[in-house]
Protein chains: 2
Amino acid sequence: MSATTEEVPPAAYTPTARTVPTRSRERASYDRGLVHSILDEAYVCHLGFVRDGVPVVLPTLFGRVGERLYVHGSTGSRPLRATGDGTKAPGLPVCLTVTHVDGLVLARSAFHHSLNYRSVVVHGTAHRVTDPEELRTALDALVDHVVPGRSADSRPANAKELAATAVIRLDLDEVSAKVRTGGPNDDPEDAALPHWTGVVPLRGGYGTPVPADDLDPSVPLPDYLAAL
Amino acid sequence: MSATTEEVPPAAYTPTARTVPTRSRERASYDRGLVHSILDEAYVCHLGFVRDGVPVVLPTLFGRVGERLYVHGSTGSRPLRATGDGTKAPGLPVCLTVTHVDGLVLARSAFHHSLNYRSVVVHGTAHRVTDPEELRTALDALVDHVVPGRSADSRPANAKELAATAVIRLDLDEVSAKVRTGGPNDDPEDAALPHWTGVVPLRGGYGTPVPADDLDPSVPLPDYLAAL
């Protein structure tokens, strides 16, 4: 009913050979909203790339703007150097993975012990962001990923800082989520074993914000932090 | 003073070209005790390997026995198939990474926003465990990694389950930790800016254990869970 010309992405990503798991396929999902929610809840991703023929996996900050992820680093860092100097370079094949562990699943049998979790795996080619406007958008997204609303309440990067910052972009295209929920799946013949069985939930949470040593005590705690 | 012939590993891992970071070298550590504590506190690792020339990063359960890590999977899973059938195979180059996020570091400048974290990166070659005794030790370690003491309070794997389980071993040899703690590092000239600045601690924790639907209500919650 809308007259907008904006492209609305379909509700799910298209599975590919490498986003269909070989195990536990019933746990896989390509739902765009689920993928976004898992990504947005995470403070770090694990970024994998290949260097000298072997894998490297590093934890790193990231942010999301629609169907684009932005990963942050210094211009001197290894993966960012490998992305070259923008769209002219072929880009860096990466795999970006995010995982939340929600519970410990204790079965009667050692074999059926498990974790409840939500994960997202993104395959693709990362490119260095060189457009100044996109770089500013990406940096805001990285700060707002840590605390939503924070980029508007901090000093924006100056020219020197922008020059020292490299950001790479990874499009959300070849993406899957995997989710395990619920209790243990013990074999029926183990039902009479005497062991306690069930799930221990894991809870994330925030402690009381700790002001910096040099913070003027008259500066109040902002609403977006008090609400955490 | 001891007459034991057991080899006591040195207090630190030896840095190598790929375990010395290009950035923030002051945050790197090779201390064995620190590395073990970071690994043992994590419920999942992120395991990176190369498939068809591109990186793959998957979250997975793991356990530790001394200087060996064990990673668990089905015999049909992709990385485990690639490790071949034991010591005759060349093994699979992997990078295993574990990260804890301890706090959100909110600086006055967008540029100095950061996270407090502890991470460990292990480089090496993974080999399939084929020795039956080592396989049992590894499976116990995987269960005890979820809840210490749990392997003694669950039914051990039977022959059919052992045959369906593949475990790969990765030695702790080329290893580094990286730790950021403390408050924001704003530039002195930003000290008068009006923004709140400091750290929001992140807290992990356990919720109340949820018994399985089919658990006999007379089975008490074991001490090792009540103590969590």
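Not measured: the values here are computed from a predicted model. (Residues numbered from 1 in each chain as written. Chains lettered and ligands numbered in written order. Predicted model: local features only at pLDDT ≥ 70, side-chain atom pairs only at ≥ 80, totals over all residues. Heavy atoms only, no water.)

Enquirer: Please explain the overall build of chain A as it appears in this structure.
Expert: Per the secondary structure count, chain A includes 5 helices and 11 strands. Residues counted as buried form 50% of the 228 residues belonging to chain A. Sequence-distant contacts in chain A: of pairs separated by 6 or more residues, those separated by 24 or more amount to 71%. Carbon and sulfur atoms form 54% of the exposed surface of chain A, whose accessible area is close to 10600 Å². (Helix = DSSP H or I, 4+ residues; strand = E, 2+ residues; numbered from the N terminus. Buried < 20%, exposed > 50% of the residue type's maximum accessible area, 1.4 Å probe, protein only. Contact = heavy atoms within 4.5 Å. Areas by Shrake-Rupley, 256 points an atom, 1.4 Å probe, with all protein chains shown as cover.)

Enquirer: Can you help me understand the pattern of salt bridges in this one?
Expert: In a structure, side chains of opposite charge can pair up when their charged atoms sit close to one another. Considering all chains together, one arrives at 29 salt bridges over all chains under this definition. A salt bridge links B:R155 to A:D190; the nearest nitrogen and oxygen atoms lie 2.8 Å apart. Pair noted here: B:R155 is in the loop between α3 (132-146) and α4 (159-164) and A:D190 is in the loop between β9 (174-180) and β10 (198-206), and the two residues belong to different chains. Here B:R155 matches A:D190 in class, with each residue buried. Residue B:E67 is joined to B:R32 by a salt bridge in which the shortest nitrogen-to-oxygen separation is 3.0 Å. Taken together, the residues B:E67 in the loop between β4 (62-65) and β5 (68-74) and B:R32 in helix α1 (residues 32-41) connect sequence positions 35 residues apart. The exposure class assigned to B:E67 is partly exposed, which follows from its relative accessible area of 21%. Exposure remark for B:R32: the relative accessible area of 11% places this residue in the buried category. Connected through shared salt-bridge partners, A:R68, A:E134, A:R169 and A:D171 make up one network. (Salt bridge = Lys/Arg side-chain N within 4 Å of Asp/Glu carboxyl O.)

Enquirer: What is the right way to look at the relation of the copies chain B and chain A in this model?
Expert: Both copies of the chain are related by a screw-like operation: a rotation about an axis and a shift along it. Once chain B is rotated about the relating axis by 180° and shifted along it by 0.0 Å, it coincides with chain A to within an RMSD of 0.0 Å. Those values place the two copies in the arrangement expected of a two-fold rotation axis. Within chain B, the C-alpha atom positioned nearest to the axis of rotation is that of B:G204, 2.4 Å from it. An overlap of 99% is found between the interface residues of chain B and their copies at the interface of chain A, pointing to a shared contact surface. (Least-squares fit on C-alpha atoms with pLDDT ≥ 70 in both.)

Enquirer: Would you explain the packing of aromatic side chains in this entry?
Expert: To describe a pair of aromatic rings, one takes the distance between the centres and the angle between the planes. If you walk through the whole model with that rule in mind, you get 0 aromatic pairs over all chains. Above the plane of the ring of B:Y13 lies B:R32, whose end atom (NZ or CZ) is 4.2 Å from the centre. (Phe/Tyr/Trp six-rings, centres within 6.5 Å; stacked < 30°, edge-to-face > 60°. Lys NZ or Arg CZ within 6 Å of the ring centre and 35° of its normal.)

Enquirer: Sorry, what's going on with α3(B) here?
Expert: Given 3.6 residues per turn, any residue in an α-helix points the same way as the ones three and four places further on. Given a rise of 1.5 Å per residue, 15 residues ought to cover 21 Å, and the 22 Å separating the end C-alpha atoms of α3(B) matches this to within 8%. Within α3(B), the full set of buried residues consists of B:E134, B:L135, B:A138, B:L139, B:A141, B:L142, B:V143, B:H145 and B:V146. (Expected span 1.5 Å × (residues − 1).)

Enquirer: Looking at this structure, how should I read the pairing of strand β8 (residues 165-171) of chain A?
Expert: Successive residues of a regular strand alternate their side chains across the two faces of the sheet. Residues and elements named next belong to chain A. Of all the 7 residues making up β8, 6 are buried; the element is thus mostly covered by neighbouring parts of the structure. Looking at chain direction, strand β7 (residues 114-128) and β8 are connected through 2 bridges and run antiparallel. By the bridge assignment, H127 is partnered in β8 with R169. (Pairing = 2+ DSSP bridges.)

Enquirer: Please explain the side chain of B:H195 as it appears in this structure.
Expert: Topologically, B:H195 is positioned in the loop between β9 (174-180) and β10 (198-206). Residue classification places B:H195 among the buried residues on the basis of a relative accessible area of 12%. A polar side-chain atom of B:H195 sits 2.7 Å from a polar atom in the side chain of A:D153. Excluding residues within four positions of it along the chain, B:H195 makes contact with A:R150, A:D153, A:S154, A:R155, A:L215, A:V219 and B:R108. (Polar contact = N/O pair within 3.5 Å; in protein donor to acceptor, adjacent residues only side chain to side chain.)

Enquirer: What am I meant to see in unusual backbone geometry here?
Expert: Across residues other than glycine, the phi torsion is negative in most instances, and most of the peptide bonds are trans. If you check the backbone angles, A:D52 has positive phi at about 55° while not being a glycine. With respect to the helices and strands, the residue A:D52 is situated in the loop between β2 (45-51) and β3 (54-60).

Enquirer: Would you take a moment to explain the interface of chain B and chain A for this structure?
Expert: Interface extent is often summarised as the accessible area lost during association of the parts. On the chain A side, the residues contacting the 86 residues of chain B number 85 residues. Taking both partners together, chain B and chain A bury about 7200 Å²; carbon and sulfur atoms supply 65% of that area. If you look at where chain B meets chain A, you find 5 salt bridges. Joining chain B to chain A, the criterion identifies 31 residue pairs in polar contact (both at pLDDT 80 or more). Broken down by class, the residue content of the side of chain B that touches chain A amounts to 50 nonpolar, 23 polar and 13 charged. Across 5 bridges, the pairing between β10(A) and β10(B) is antiparallel. Residue pairing for β10(B): A:L202 is matched across the bridge by B:Y206. (Buried area = accessible area lost by both parts, 1.4 Å probe. Nonpolar A, V, L, I, M, F, W, Y, C, P; charged D, E, K, R; others polar.)

Enquirer: Looking at this structure, how should I read the pairing of β7(A)?
Expert: Residue and element names in this part refer to chain A. Counting buried positions over the 15 residues of β7 gives 12, a clear majority of the element. Across 13 bridges, the pairing between strand β6 (residues 92-106) and β7 is antiparallel. Note that in β7 the partner of L96 across the bridge is V122.

Enquirer: Would you take a moment to explain α1(B) for this structure?
Expert: Residues and elements named next belong to chain B. Residues of α1 that are buried include every one of R32, V35, H36, I38 and L39, and no others. One side of α1 carries all its buried residues, which in axial view fall inside an arc of 165°. Two to three positions downstream of the cap, the backbone nitrogen of G33 sits 3.1 Å from a side-chain oxygen, assigning the N-cap of α1 to D31. (Arc of directions from axis to C-beta.)

Enquirer: Is there a simple way to explain the environment of B:D187 in this structure?
Expert: Relative to the assigned elements, B:D187 resides in the loop between β9 and β10. Note on B:D187: relative accessible area 24%, which makes it partly exposed. Taking the C-alpha atoms as reference, B:D187 lies 8.8 Å from B:R108; in sequence the two are 79 residues apart. Setting aside chain neighbours within four positions, we find B:D187 in contact with A:R155, A:E161 and B:H112.

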